[in-house]
Each structure stands twice: as C-alpha cells, then as structure tokens.
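For reference, the chains in residue letters:
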Amino acid sequence: MEQSAKQKNKKMYLFLSLATNLGLLFSFKYLDFFIQNTNSVLDAAHVDYQVAYMELLLPVGISFYTFQTLSYTIDVYNGKLKAETHFGKFAVFVSFWPQLVAGPIERAAHLLPELKKRISLKYENIVWGTSKIIYGFFKKVVIADRLSLYVNSIYGDVENASSIGIIIASVFFAFQIYCDFSGYSDIAIGSAKLLGIDLMENFKRPYLANSFSDFWKRWHISLSSWFRDYVYIPLGGNRTFVWKWHYNLFITFIISGFWHGANWTFIIWGGLHGIYQIIENILKRINLRSLNWFKKQLYLRQIVVFLLVVFAWIFFRATNFEQATQVLAKIIYFDYDFSIPKICGYKGPLNLFLSFFGIGLLFLSYQLDINLKLKNHKVFILVGLLVILFLGKNGESEFIYFQF
Amino acid sequence: MNLYTSNFKKIAQFIGVVLPLFFLVSICVEYFFEKEIIFGNKISGASKINRMLNVSDENEIPIFGSSRAQGGFVPDLISAYCYNYGIDGTGDNVILFFLENELKKEKNTPIIINFDLNGISDGYGDNNNYVPFSNNKAIDEVFGKRLFFYQKISGIKYYGEFENYLKYYLNDIFNLTKKTNKGGSFELNVDTISLSKEIKKRKRKEKYEIINNQVLYEKYIELIKSTNRNIIFVVAPIHQSYFYSIENIEIIWSFFAEIEKNENVFIFNFSKENYSNNLFFNTTHINYEGAKIFSKSLRDSLSKYYILPQQHN
C-alpha cells in the first residue's frame, strides 16, 4: 500500500485491509446479534423462517488487536507512519503479550519503536514495573473481585432485590468495572515495563472528572483517542455546523458502545454518553447565573458526572434491555425496604463492609503520585502484597473486558 | 562496571529485602490468626477438624454430618454433652473421616450421625476447612489433593480465605446473622418468598436417581461392626416437597435395613414429620425455630431408648 504510486491502488489496499479486519470482527462478534435482530423482524412480520445462528467462539482480545492493526493500516495510508517491513517485528506489534487481550490499544508510531529498543534489565524498570503490577492486582483482587460478589448477587435476582440494594450494586459496579479494567491495564503496563517497554496510560482516575469531556480523557484513553482520531475527526469533528458536530459526537459514541458488545444495552450506554456530551457542549455556551455558579463548583460537578456515569453503567451491566428497565423501575419507584439481610446480599454484612472498605482504600491510594513515582517502592510493594494477601479474593472471576 | 551485573545485584538486593520481610510479617499474622480466629471459634469446619484431632473429652457425644447437621441440631437441647461437628457442603467421606477418628478415642458415648437423603456420596465443602492442616499427613492423604499449591505454603496459604474465617469468628461471637451453639450454626432469617418459589421449582423439576457410593457404603458397615459404641443415624426434618425430586428413595431405606441388623445401630427418621414452612430456611434445611423443635423431639426419642448418658448436675 505504501509503495503504490496511484491513490486508487492505495485506497484499494486500505479497503481490503479494513474489510478483512472488520469482516473478521463482525463475523465473530456481531453476526449472531444481527441474525437475532433479523429473526425478530421476521417474527414480527409473521414470516415463518428463522436464520440459523452461527455460534462462533469469540477469539480472546479480537476487538483490541483488530483496532490496533487498523490504526497501523490507516496511519500508513495517511502517510503518518512508514510501513514495517520486518514481519517478525510487525507480528510482535500485533500480538505483544502484555496488551494483546485487553489493551491498551497502542499506536504503531509509539509501540513499534519501543519494540525495536534493546531489551534491557534495568533496576528502575523492574521496581516501577513491579509496583505497577502490584497496584493492578490490588485493584483487581481486593476491590473488583470483592465488589463483583455483591453486584452479581443483586443483579442476578433483581426482582427480589430492594431499591437500596440496587442503588448500592449500581455504584459498586461503577467501581468494579473501573478497578477490573484499570487493574488489568496496570498489570499490562507494568509487565511491559519489566522489559523496558513503555505502554500508554489507559486510565487517569476517571471518577474525579468534572465534565464528560474530562471523563473521556481519563477513561479507556487508548480507545477514546482511537475513536477520536479514526472516527470522530474523519467525520468532521467539531469543525462543522453545530448540528453536524453533535451528530458526529453521537455516532462516535454509538459505535463505541457497539464496540463493547453485540447487545442493545451497550449501544444505549454509548448513546447516553453521546447525549451527555452534547448537552454539556450546549450548556457550556449558555450564560445563565445559576449555570455559571454550577460551573465553578468542582466537587458538585464531580458528583453529578459520577452519578450520570453510574446511570449509564446500569445499561452496560444489565444482561438485556428488560433487566435494565427493571433496575431503573426499582430505583425510581423506591420501595423503602431497609431490611438488613436484603441490603447485605447473600454474602452478608462482612462482605458489604469490605466492599466499602475497598473503595475507601482506592481513594486512599489516590494520595500517591498518579504516575506512581514513589519515594520508596520497597514499602509500597511490601504493603501492597500484604493488602492483597489479607483482603484479596482468590480468583473466581475473570477480567470483565476479556469478553470484548 | 558491567551494567547488567550492577542492575542484577540491585534487583537481587531488592528482592532479598522485600520478600523475607513479606514472609516474616505474613507468617506472624498467620500464627496469631490461626490461634485466635480460626481455632478461636466453634463453627468453622477447620475448628471442628482441629477439635476432632486434638481434643478428647470422654463424655462428649459428637454429632457428625453436613449443613443439615450444622444447622439442624442444637447440642444443648439434645444433651449437655453434645457437640456439633457438622460442616457445610461435606458428604459421607468427611463423616466417615470423623467417625474413624472418633472411634480411635477411648470413649463409650454414643455417636450421632445426621444422614442425608441424597444417598451415600462424596462432598468436601470449602477448601478453607483443610488449609490449616495442609502439613498434617492424615488430612493431606484424604483431602490434600483438593488444595491449591499455594495453600500448602506458610505465609500465603490463607490468601483469599481470611474473610471466610473472620466471618465464622464474628458470627460465633455476635450471632448477627446466625445463632450458634457448640458448633451448631442456625439460620435466623427466613425468606418465605424464596421458599415458595423453591417449592414450586421442585414440583416442576425432573426427578433424579440416588446412587450410593459403594466404597463409602462398605466403609460404613466396616466401622459400625468395629465398635460397641452406639451409633445413631438421624434423618433431620426435610420439606415434604423434597420427595418430589427423588426417584428411588427406597435405596436409603435398604441401607438402613442393612445397618439396623447391628445391635449398636439406632435409626431415627424425622423426614416424614410435616413441619410447617415457617420452620424451614429452604426446602432442605430447617431454620433455628425448626432446629429447636427438632432437637427437643430427638432428645425425647433418644431418652425413650436410654441412649443418652445421664447428666450429672
């Protein structure tokens, strides 16, 4: 593609690459979803025919490495990057083990030069990498796996759960998915650092965001920047009419939601974030006294952003749209059921206490430098190991983002 | 200076400081945790195994069984000498382990065994029952294969289990969610909605066939014949809907007919007692109220046969 003189040929190679990569992703991940919806339409039209499901096994990490290779192809096409001629190096770029399964989704311009560096065993890298891995495991086994017990018990039986239980479970899920995913990213980044390779940061304390644009600069940064560069900006970004700008935003978030899974709930989740961004952009331009006051309240804005993010997570967590509406109904039509056994869930009060305690520990860990530049890594690693030993749950649940 | 050598030295020094410190702290915590928390309560499986192996009270009447024993037999209401060794999730392999060890002791008190209606089968319960004994040869032979490799390493063997032991300890002291009594742990809460749903589900579900594990079956016969001590098999009350699930309940009665031929065996079957729904936690376990009624009935039945030793005031 890079060597083609004619633009027409370049486009053809690009199209071939996109079609192959996206075709594989579509086949493995989305085909049955489209078949399901086709069958629903046929059913509604009283057509006595159902398309058979393919039931293909989803290759682990396909969404991640597909996007990683797409970014390489598009960057070469756009002339931003020279094509890699060494097949082995390219293969390592695609399948680099720390980030193969669940990211961060690296750009070739960043990762390929890293992989070409000589692998060296440096004390500073080992120490920092180990600290990062320990921090990742802390988030995963002390917080995420703990919270999953409560969340699964409530969301597994929404009908019998109390409203307060559902609210707690929804908030817990927000922290569960953050700690699960950012924990994995930390382990991936730390593992790569042991070899002297720098991967990009994927999370920057997203629940401290004071706006939605800020949130998306802190949450799954590798994916949000990918969509910004390869979907949002090519659509026109914000350099167009206002309505087109909002349309571009909305479509980008819808696609982002769809990337997460073949279910209407993910699309709704993405759509909600698109709507949040659009409303935020509109409100930014409005000059109202009350709004200006609100814009100055940092903590209030953080709380509002967090609550709206939790609301969107309800759709992400629910197994289908019906369950999501059931959860929302339980919250809106508050039942005032404060029975302790229901609030505690089937794992009991100690688990509930440790869940809150874990979230407390997470915020305590925010006292540390965001880039984990510590004065004494030995103490951090020792304390981290002990916390994991005493409070960790032994692995019954896998990483949430492995399913994508 | 060679960069690699100096880095390697630094890394080795780093590991040489952090790892020993980690194990020092964790082993110290482990020691106190075992002594005060794990063996400091009466209701965890580990504390019961520890008691069986290390305590010999010549007047004690042990009660063996699974969660139905643990949650159904109130020791103080049956006899002042009773102790509840029931462990959640365990099967006849664990009961036989307890029975075998009990028969090694020089005692002549009766032994009560809660017999479940799901047939003679294996069941190990949670690994946390056995982790404290990972270095004990007798336990390791029987249960060692169940443990993960790290559960045999001092310093990290309790990873993931601290909370479970702490829960037993807190429940035993504070009786928040369960009432406890000498090893017994009884459900206080009753969810009548879930119980009704479970009853309906049982009626709709397909029946299953009971299959007895022949090795364990033979082991029961062998141990019964090896002693003069009275062995009392008790079937605890069960919700009548349970019988919808079973295809061949007569296989249990055949086992009873076989063992009853021995003079030292007594069988008390409470499974057909029609207890009301409010005495059940679920269709296979009675709650605390049900346990109190059942324990008193059992005491009365045992007294009729003069099986229980006289209590000395």
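Up top is the structure these notes are about.
Quick summary incoming for the structure in this document. What you see is a predicted model; the values in this text were computed from it and never measured.

Parameters at a glance
Residues numbered from 1 in each chain as written. Chains lettered and ligands numbered in written order. Predicted model: local features only at pLDDT ≥ 70, side-chain atom pairs only at ≥ 80, totals over all residues. Heavy atoms only, no water. Helix = DSSP H or I, 4+ residues; strand = E, 2+ residues; numbered from the N terminus. Rg over C-alpha atoms; globule rule 2.2 N^0.38 Å. Buried < 20%, exposed > 50% of the residue type's maximum accessible area, 1.4 Å probe, protein only. Contact = heavy atoms within 4.5 Å. Phe/Tyr/Trp six-rings, centres within 6.5 Å; stacked < 30°, edge-to-face > 60°. Lys NZ or Arg CZ within 6 Å of the ring centre and 35° of its normal. Axes fitted to C-alpha atoms, helices over the stretch in contact; angles between N-to-C directions. Parallel < 35°, antiparallel > 145°, perpendicular 65-115°, else oblique. Left-handed = near helix turned anticlockwise from the far one by under 90°. Nonpolar A, V, L, I, M, F, W, Y, C, P; charged D, E, K, R; others polar. Buried area = accessible area lost by both parts, 1.4 Å probe. Salt bridge = Lys/Arg side-chain N within 4 Å of Asp/Glu carboxyl O. Polar contact = N/O pair within 3.5 Å; in protein donor to acceptor, adjacent residues only side chain to side chain. Expected span 1.5 Å × (residues − 1). 1 Å grid on protein atoms, 1.4 Å probe; cavity = no way out; pocket = protein on both sides within 12 Å on 5 of 7 lines; lining within 4 Å. Points joined across faces, edges and corners; volume = space filled by probe spheres on them. Patch = residues over 30% accessible without salt bridge, like charges linked within 9 Å, V, L, I, M, F, W, Y side chains within 5 Å. Areas by Shrake-Rupley, 256 points an atom, 1.4 Å probe, with all protein chains shown as cover. Lys, Arg positive; Asp, Glu negative; His and termini not counted. Charge placed at Lys NZ, Arg CZ, Asp CG, Glu CD.

**Focus on the overall build of chain A**
Helices and strands together make up the secondary structure of chain A, namely 16 helices and 0 strands. A compact globule built from 404 residues should have a C-alpha radius of gyration of about 22 Å, and chain A, at 23 Å, falls within 12% of that. For chain A, the C-alpha atoms occupy an extent of roughly 70 × 65 × 55 Å along the three principal directions. Residues classed as buried in chain A amount to 53% of the 404 residues present. Considering only contacts within chain A whose residues lie at least 6 apart along the sequence, 73% involve residues at least 24 apart.

**Topic: the packing of aromatic side chains**
When we look at a pair of aromatic rings, we describe it by the centre distance and by the angle of the planes. Inspection of the entire model under this criterion finds 85 aromatic pairs over all chains. Seen from their ring centres, Phe115 of chain B and Phe233 of chain B are 6.1 Å apart, and the 70 degrees between their planes marks the pair as edge-to-face. Of this pair, Phe115 of chain B sits in the loop between strand 3 (111–114) and helix 6 (137–143) while Phe233 of chain B sits in strand 6 (residues 231–235), and the two are 118 residues apart along the sequence. In this pair, the class of Phe115 of chain B matches that of Phe233 of chain B, namely buried. Sitting above the plane of the Trp128 of chain A ring, Lys193 of chain A keeps its charged end 5.9 Å from the centroid.

**Here we look at the packing of helix 8 (residues 221–235) of chain A against helix 9 (residues 242–260) of chain A**
Residues and elements named next belong to chain A. Where helix 8 meets helix 9, the axes come as close as 10 Å, and the angle between the chain directions of the two elements is 135 degrees. When the axis of helix 8 is compared with that of helix 9, the two are oblique. Classified by chirality, the crossing of helix 9 by helix 8 is right-handed. Only Lys244, Trp245, Asn248, Leu249, Ile251, Thr252, Ile255, Ser256, Trp259 and His260 of helix 9 make contact with helix 8, whose side of the interface consists of Leu223, Phe227, Val231, Tyr232 and Leu235. Its residues assigned to classes, the contact of helix 8 with helix 9 comprises 10 nonpolar, 4 polar and 1 charged.

**Notes on the interface of chain B and chain A**
Across the boundary between the two partners, chain B contributes 28 residues, which contact 31 residues of chain A. Summed over both partners, the interface of chain B with chain A buries about 2600 Å², with 69% contributed by carbon and sulfur atoms. Joining chain B to chain A, the criterion identifies 2 salt bridges. Across the pair Arg146 of chain A and Glu163 of chain B runs a salt bridge whose closest N-O atoms are separated by 2.5 Å. For the pair chain B and chain A, the interface holds 6 residue pairs in polar contact (both at pLDDT 80 or more). Breaking the side of chain B that touches chain A down by element, the ones donating at least two residues are helix 1 (3–38), helix 7 (162–174) and helix 8 (192–204) of chain B. With 13 residues, the top contributor of residues to the side of chain B that touches chain A is helix 1 of chain B. Split into classes, the residues belonging to the side of chain B that touches chain A amount to 17 nonpolar, 6 polar and 5 charged.

**A closer look at helix 8 of chain A**
All names here are of chain A. Counted at 1.5 Å a residue, the expected span for helix 8 with its 15 residues is 21 Å, and the 20 Å between its end C-alpha atoms agrees. When we look at burial in helix 8, the residues that qualify are Ile221, Ser222, Leu223, Ser224, Ser225, Trp226, Phe227, Tyr230, Val231 and Tyr232. Check the buried side of helix 8 and you find it contacts helix 2 (62–77) and helix 9. Count one or two residues on from helix 8 and you reach Gly236, which has phi positive near 130 degrees.

**A few points about empty space enclosed by the protein**
All names here are of chain A. This structure, assessed with the given rule, holds 4 cavities of 30 Å³ or more. In terms of lining, the largest cavity is formed by 14 residues, of which the most central are Tyr135, Lys139, Phe203, Arg205 and Ile370. Within the residue set of the lining of the largest cavity, elements represented by two or more residues are helix 5 (123–155) and helix 6 (163–194). Partitioned by chemical class, the residues of the lining of the largest cavity number 6 nonpolar, 1 polar and 7 charged.

**Details of the environment of Phe321 of chain A**
Counting through the fold element by element, Phe321 of chain A comes out in helix 13 (residues 321–332). As a C-alpha pair, Phe321 of chain A and Phe266 of chain A span 55 residues in sequence and 9.7 Å in three-dimensional space.

**Remarks on a positive patch on the surface**
Residues and elements named next belong to chain B. The grouping of Lys200, Lys201, Arg204 and Lys205 at the surface amounts to a positive patch. Within the secondary structure, Lys201 is located in helix 8. For Lys201, a relative accessible area of 52% puts it in the exposed group.

**Observations regarding the layout of surface pockets**
Residue and element names in this part refer to chain A. Taken as a whole, the second largest pocket spans an internal volume of roughly 570 Å³. Lining the second largest pocket are 19 residues, and of these Trp216, Arg228, Tyr232, Leu249 and Gln277 lie nearest its centre. If you list the elements that add at least two residues to the lining of the second largest pocket, you get helix 8, helix 9 and helix 10 (264–285). With 7 residues, the top contributor of residues to the lining of the second largest pocket is helix 8. Here the residues of the lining of the second largest pocket sort into 8 nonpolar, 8 polar and 3 charged.

Note that every value here comes from positions in space, so none of it alone points to a role or purpose.
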